[in-house]
Each structure stands twice: as structure tokens, then as C-alpha cells.
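Here are the chains, one letter per residue:
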Amino acid sequence: MTHPLPSSPTLSELRAFVAVADAGHFTKAAERLGLSQSSLSAAIGKLEAAIGTRVFDRHTRGCRLTDTGTDMLPAARRLLHDMDTLVEGARSAATLQRGRVTIAAPSAQCTLLLPPLVRHFTQQHPGVRVTVHDIAEEHVREQVRTGAADLGIATQTDERTELMATPFYSDQYIVAMRNDHPLAVRKSVEWSQVCKEPIIGPLPGNPVRRHLDQRLAREGLQLDYRYEVSLPWTMVGLAREGLGVSVLTLAVKPLVDWLGLVMKPIGRPAIARTLVVLRPPGRTLSPGAAAFRDLLLGSNVR
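Scoring rules and cut-offs
Residues numbered from 1 in each chain as written. Predicted model: local features only at pLDDT ≥ 70, side-chain atom pairs only at ≥ 80, totals over all residues. Heavy atoms only, no water. Helix = DSSP H or I, 4+ residues; strand = E, 2+ residues; numbered from the N terminus. Buried < 20%, exposed > 50% of the residue type's maximum accessible area, 1.4 Å probe, protein only. UniProt positions renumbered as here; feature names shortened; annotations may be inferred. Phe/Tyr/Trp six-rings, centres within 6.5 Å; stacked < 30°, edge-to-face > 60°. Lys NZ or Arg CZ within 6 Å of the ring centre and 35° of its normal. Contact = heavy atoms within 4.5 Å.

Q: It is not clear to me how unusual backbone geometry should be interpreted in this structure. Could you clarify?
A: Residues other than glycine predominantly adopt negative phi, and peptide bonds predominantly adopt the trans conformation. For the bond from Arg268 to Pro269, the omega torsion is -5°, close enough to zero to count as cis. Along the chain, the position of Pro269 falls in the loop between strand E11 (262-267) and strand E12 (272-279). Positive phi outside glycine occurs at Arg268, with the angle close to 50°. If you trace the backbone, Arg268 turns up in the loop between E11 and E12. Judged by its relative accessible area of 64%, Arg268 falls in the exposed class.

Q: Before we go on, may I ask you to explain the UniProt feature "domain: HTH lysR-type" (unreviewed entry) in the protein chain in this structure?
A: The UniProt record annotates "domain: HTH lysR-type" (unreviewed entry) at residues 9-66. A distance of 17 Å separates the end C-alpha atoms of residues 9-66, which is 62% helix and 14% strand.

Q: Help me understand the packing of aromatic side chains, please; the structure alone is not making it clear to me.
A: The relation between two aromatic rings is expressed through the spacing of the ring centres and the mutual angle of the planes. One pass over the full model with this rule turns up five aromatic pairs. Aromatic side chains Phe17 and Phe56 sit 5.6 Å apart centroid to centroid with 50° between the ring planes, which places their arrangement in the tilted category. Placement of the pair is Phe17 in helix H1 (residues 11-23) and Phe56 in strand E1 (residues 56-59), with a sequence separation of 39 residues. For the pair Phe17 and Phe56, one class covers both residues: buried. Each ring, one from Phe168 and one from Tyr169, has its centre 6.3 Å from the other, and the planes form 45°; the classification is tilted. Both residues of the pair, Phe168 and Tyr169, belong to the buried class. Cluster of aromatic residues (ring-pair linked, three or more members): Phe17, Phe26 and Phe56. Above the face of the Tyr225 ring, Arg209 is positioned so that its terminal group lies 3.6 Å from the ring centre.

Q: Help me out: how do you make sense of the environment of Gln172 in this one?
A: Following the sequence through the fold, Gln172 ends up in strand E6 (residues 164-177). Those residues within four positions of Gln172 in sequence are excluded, and the remaining contacts are Leu248, Thr249, Leu250, Pro265, Ile266, Ile271 and Ala272.

Quick look at the structure:
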């Protein structure tokens with residue numbers, strides 16, 4: 001014959017126990033907890049039934065702890081403190097009083113797009129720590145997939161992926177060059193003209209380059225890459241020395257302007273890339289990450 005396992009004391013019963021121990025009186029403890037004396041007595045009775053012995057000796061002027069109650073009291077205090085700390089931490093995260101958000105993004109977005117958004121977010125929620133992972137774009141999806149980052153920013157592709165992608169920004173391609181380059185004086189520049197120039201562009205495998213090359217191939221066009229580098233500022237620096245023209249996106253216009261280069265949008269055919277916000281599927285974003293995602297999607301980054 002099996003016997004049912006004894007029930008464990010509940011947190012409310014332990015809270016009642018500590019309150020009575022502190023007050024030394026049931027009536028005073030009930031007032032402090034906002035309970036009726038009968039409800040408090042019932043809670044203590046359930047606790048004593050759960051552990052199989054009394055924790056208080058009652059007398060006409062109040063009550064005092066039994067030896068068992070004295071032994072239990074320190075552990076009960078620690079348990080209630082830990083639970084209160086846990087609940088307070090969860091509530092603080094839910095109300096954005098504390099928390100953490102990690103964003104993975106390519107270097108150009110980490111330099112030009114994210115800083116003002118991070119500043120705005122931290123001003124609104126100073127208790128939430130924002131961490132930015134400045135990495136090559138081809139690694140962004142892996143960071144989001146593995147949970148190393150809550151959110152990612154990347155170029156939209158046709159590749160199948162389990163990640164959830166929300167478009168938020170259309171970024172036009174441009175060509176940057178010295179002001180003495182023949183294309184610099186033209187009112188408009190077409191891709192067929194750019195394809196005749198020595199190109200400074202991203203490394204093979206870079207999602208931006210892959211997107212652009214695929215779109216141009218549909219039109220029977222191909223860029224002549226002379227310098228293939230990782231970072232947009234390297235592309236612009238090489239263009240400044242007259243080593244070719246740099247194909248970039250409009251997002252890096254501040255960098256092009258800073259180095260005194262001429263920037264021309266490229267038309268015919270009109271090609272743009274779409275940036276997306278990435279998040280993992282089947283995982284609820286933390287309140288902080290959800291708030292930053294909303295800020296990013298609602299921002300006017302164009």
C-alpha cells in the first residue's frame with residue numbers, strides 16, 4: 001500500500017510563519033499582512049500539517065517559536081528573500097528598469113545606423129544594457145541563430161532560413177569616386193558605365209556583393225573587381241587614392257562626404273538592397289529586446 005507524499009509548505013504559508021515569528025503575536029502579524037486572524041491561523045495550521053510538527057507554542061499573550069520553528073526561521077527568511085529578489089528582477093525586466101539587449105550588425109550599420117538609436121534607447125531605459133556586436137555581415141545570422149545575439153541586422157536574401165526577418169530599410173546602391181574622375185561630372189550614372197571601371201568592393205561571399213552580383217547577372221552585367229576588402233571605409237579610402245571607384249550603398253553617405261568624394265546614385269537598372277531585422281523563431285524576445293526591435297522598425301533611417 002502506497003502513501004501519498006506530504007505536501008510542501010507554500011510561500012504564503014512561509015511568509016505567514018515569518019510574520020508571526022517577527023511579531024510574536026497572531027493578531028499583530030495578521031494586521032501587518034492584511035489578513036484576517038482566521039486566515040493567518042489557517043496558513044500556520046497548513047504549514048504545521050505539511051511538516052508534521054508545531055512551529056509555535058500558543059499562549060494567552062501571544063506565541064513563541066518551538067525548537068523546530070527556531071531552526072526553520074533562518075532558512076525561511078533566505079527563501080523568501082531569494083524569491084522576492086527573483087520576482088523583483090523579473091518585474092524590473094518586464095518594465096524595462098533593467099535587462100540586456102544584444103544586437104549583431106555589420107560594421108557600417110554599427111557605425112552609422114545604430115549609435116543614435118542606442119543613445120535614444122538608453123536615455124529612455126537607462127537600466128537596460130545594450131551590447132552591439134560589430135561583425136562581418138556573413139556572421140550575423142549565425143549569432144542570432146545560436147542566441148549570441150537577440151537581434152540581427154542583415155541584407156535580405158532569397159536563401160531559406162529558419163530566422164524571422166522583418167524588412168525595415170531599402171538601401172540604394174551608389175558609386176563613390178574622386179572629383180576628377182570622368183563619371184563625377186555626369187548628371188546620372190548607369191550600371192553599364194560602372195561595369196567598365198575598376199571596382200573597389202566587398203569580398204566574395206559578402207551578402208551585399210552576392211545580392212548585387214545576382215541582380216546584375218540578370219541584366220547580363222558584371223562588375224570588374226580590382227580590390228576586394230572587408231570594410232566600407234577601406235573601400236572609400238582606396239577610391240580616394242584613385243585606385244578605382246567604390247560601389248557602396250547610400251547608408252555610408254556620411255563616410256563618403258567626410259572623405260570629400262563624389263557620390264552618384266546608379267540607375268538603369270534601379271537596384272536596391274533591403275535590410276531586415278532578424279530574430280530567432282520560437283523564442284520570446286525579452287522585454288528589452290522587443291522594445292529595441294520596435295524602436296528599430298519605427299525609426300526613420302532613410
